[in-house]
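Breakdown of the fold
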Amino acid sequence: MTAYYRPLPQLDAARPAGALTLAGGWCWFDRVEVLSRHQPPRILAAADVPQDVLARLTAPRAPLAGLDMAQVHVMGILNVTPDSFSDGGQFATPDAALAQARTMQADGASIIDVGGESTRPGATFVPDADEIARTAPVIAALRALSDIAISIDTRKSAVAQAAVQAGATLINDVSAMMWDPDMAQVVAKSDQPLCLMHAQGDPATMQADPRYDDVLLDVFDYLADQIAVALEAGIARSRIVVDPGIGFGKTQAHNLALLRRMSLFHALGCPILLGASRKRFIGTITGAQAASDRMTGSLAVTLAGFAHGVQIHRVHDTKETKAACSMAWALRGQ
């Protein structure tokens with residue numbers, strides 16, 4: 001029987017003796033929730049957790065794309081697409097995209113995530129050449145102006161390779177290398193970090209009727225398996241980020257289950273990326289029909305992720321998210 005160990009993260013200033021630092025970051029824990037597919041959850045003292053599990057939970061995460069993973073980071077979303085769910089068409093021209101990237105950097109984003117293919121529910125496939133034409137010139141122009149970390153949001157190895165040549169410093173694969181069998185070798189040769197995201201199904205059909213035996217543990221196992229694939233390809237764990245894929249083949253109940261126990265993913269030994277900004281379930285819960293009206297709900301999710309020790313937050317509203325994270329950082333226990 002497989003046991004899953006979820007640290008119960010704390011930010012309180014009253015930190016007891018013997019409490020452990022989570023992932024080298026800003027949270028501490030002295031208890032874990034032990035999860036199983038066959039038994040009810042139970043609480044265990046951290047001192048009673050197997051040493052190999054504790055080592056993975058507590059090890060400081062290595063810097064990624066020049067960024068300190070002991071700090072919280074805002075990743076600004078830059079969709080150079082005509083059909084993304086929230087801002088499709090707004091930044092489809094190179095000039096508009098570059099101006100938006102510079103604005104997000106000024107607002108406090110430490111990563112710009114450039115995407116040339118919409119992955120919203122129902123989105124259609126974009127050919128490699130079109131995606132490269134949308135993304136590579138923007139990345140090259142931004143790199144010529146700034147040393148900010150730049151991520152390429154793609155599931156295609158040719159697009160990733162072109163982006164790295166243009167100056168991208170992180171590859172964000174929403175298919176976790178499942179779409180393109182060549183992605184692993186492209187990443188390995190690039191020497192750049194890789195984000196592995198969980199998704200059930202293709203964007204065109206992923207929200208039709210998503211089902212899981214246990215969404216939290218199923219997503220965890222999927223990411224563990226894809227980390228193993230990456231390691232086999234020569235990509236070190238220190239170069240890997242994991243993303244549970246909020247909204248990608250998941251109902252509102254699935255999304256909430258993942259967010260409530262997000263700290264489980266620290267047990268994979270990698271930094272965590274959370275991308276829930278302006279998504280439909282936030283609008284459903286808060287009554288915000290338009291994606292652009294979902295900022296406040298998105299900030300609530302970001303702060304919940306901060307309390308779970310999530311290192312990277314992928315968002316549309318960079319200025320507001322940076323301010324919220326700065327305030328949360330100031331309020332954390334010392």
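Here, the structure is the one placed above.
Read on for a plain summary of the structure. In every chain, residue numbers begin from 1 and rise along the written sequence. With the structure being a predicted model, the display of local features is reserved for residues of pLDDT at least 70 and the display and counting of side-chain atom pairs for 80 or more, all residues being used for whole-chain, interface and lining totals. Each side-chain value is derived from all of the structure's non-hydrogen atoms; neither hydrogens nor water enter the calculation.

**Some details on the nonpolar core**
Think of a nonpolar core as a cluster: buried Ala, Val, Leu, Ile, Met, Phe, Trp, Tyr and Cys residues, connected wherever their side-chain atoms sit within 4.5 Å. Three labels apply to residues, based on accessible area from a 1.4 Å probe with only protein chains included: buried if under 20% of the type maximum, exposed if over 50%, partly exposed otherwise in between. Ranked by internal contacts, the top residues of the largest apolar core, which has 82 residues, are Leu 78, Ile 112 and Phe 265. Labels follow the DSSP assignment, with helices taken as runs of H or I lasting at least four residues and strands as runs of E lasting at least two, numbered in each case from the N terminus. Broken down by element, this core gets its largest block of residues, nine residues, from helix H6 (residues 215–232). In this structure Ile 112 touches Gly 76, Leu 78, Ala 101, Met 104, Gln 105, Leu 142, Ile 148, Ala 149, Ile 150 and Ser 151, once residues within four positions along its chain are discounted. Core analysis: the second largest hydrophobic core is formed by eleven residues, Leu 64, Leu 67, Leu 170 and Cys 195 among them. By definition, residues are in contact when any of their heavy atoms lie within 4.5 Å.

**A look at H6**
For H6, which comprises 18 residues, the first-to-last C-alpha distance of 26 Å matches the rise-based estimate of 26 Å (1.5 Å per residue) to within 8%. The inward-facing, buried residues of H6 abut strand E1 (4–7), strand E4 (31–35), strand E10 (194–197), strand E11 (240–243) and helix H7 (252–260). Where H6 ends, the next residue or the one after it, Gly 234, has phi of about 100°, a positive value. A helix's residues, less one, multiplied by 1.5 Å, set its expected span.

**Side note on the side chain of Asp 113**
Mapped onto the fold, Asp 113 is located in strand E7 (residues 111–115). A relative accessible area of 0% means that Asp 113 is categorised as buried. In this structure the side chain of Asp 113 is engaged in a polar contact, spanning 2.6 Å, whose partner is the side chain of Ser 151. We call two N or O atoms a polar contact when they sit within 3.5 Å, provided that within protein one can donate a hydrogen and the other can accept it, with sequence-adjacent residues counted only if both atoms are side-chain atoms. Within the local environment of Asp 113, its side chain forms a polar contact with the side chain of Asn 172, the two groups lying 3.4 Å apart.

**Considering the layout of surface pockets**
One number sums up the size of the second largest pocket: a volume of about 240 Å³. In this structure, the second largest pocket is lined by 14 residues; those nearest its centre are Arg 56, Phe 220, Ala 224, Ala 267 and Leu 268. Mapped by element, the contributors of at least two residues to the lining of the second largest pocket are E1, helix H1 (51–58) and H6. Examining the composition of the lining of the second largest pocket, we find that four residues originate from one element, H6, more than from any other. For the lining of the second largest pocket, the residue count by class is eleven nonpolar, no polar and three charged. Computed over the protein atoms alone on a 1 Å grid, cavities are sets of points where a 1.4 Å probe fits but cannot get out and pockets are open sets with protein on both sides within 12 Å along at least five of seven lines; a residue lines them when it has an atom within 4 Å of a point. Grid points are joined across faces, edges and corners, and a volume is the space filled by probe spheres set on the points. Gly counts as polar in this scheme, as do all residues outside two lists: the nonpolar Ala, Val, Leu, Ile, Met, Phe, Trp, Tyr, Cys and Pro, and the charged Asp, Glu, Lys and Arg.

**Let's talk about empty space enclosed by the protein**
Applying the stated criterion to the full structure yields two cavities of 30 Å³ or more. Here the largest cavity is characterised by a volume of approximately 60 Å³. If you go around the largest cavity, the residues you meet are Leu 274, Ala 276, Ser 277, Ile 282, Ser 298, Val 301, Thr 302, His 313, Arg 314 and Val 315. Looking at the lining of the largest cavity, the elements with two or more residues in it are helix H9 (295–307) and strand E13 (312–315). Residue classes in the lining of the largest cavity are distributed as five nonpolar, four polar and one charged. Approximately 30 Å³ is the volume found for the second largest cavity. Sorting elements by how many residues they give to the lining of the second largest cavity places H9 first, with four residues. Across the lining of the second largest cavity, the residue classes break down as three nonpolar, five polar and one charged.

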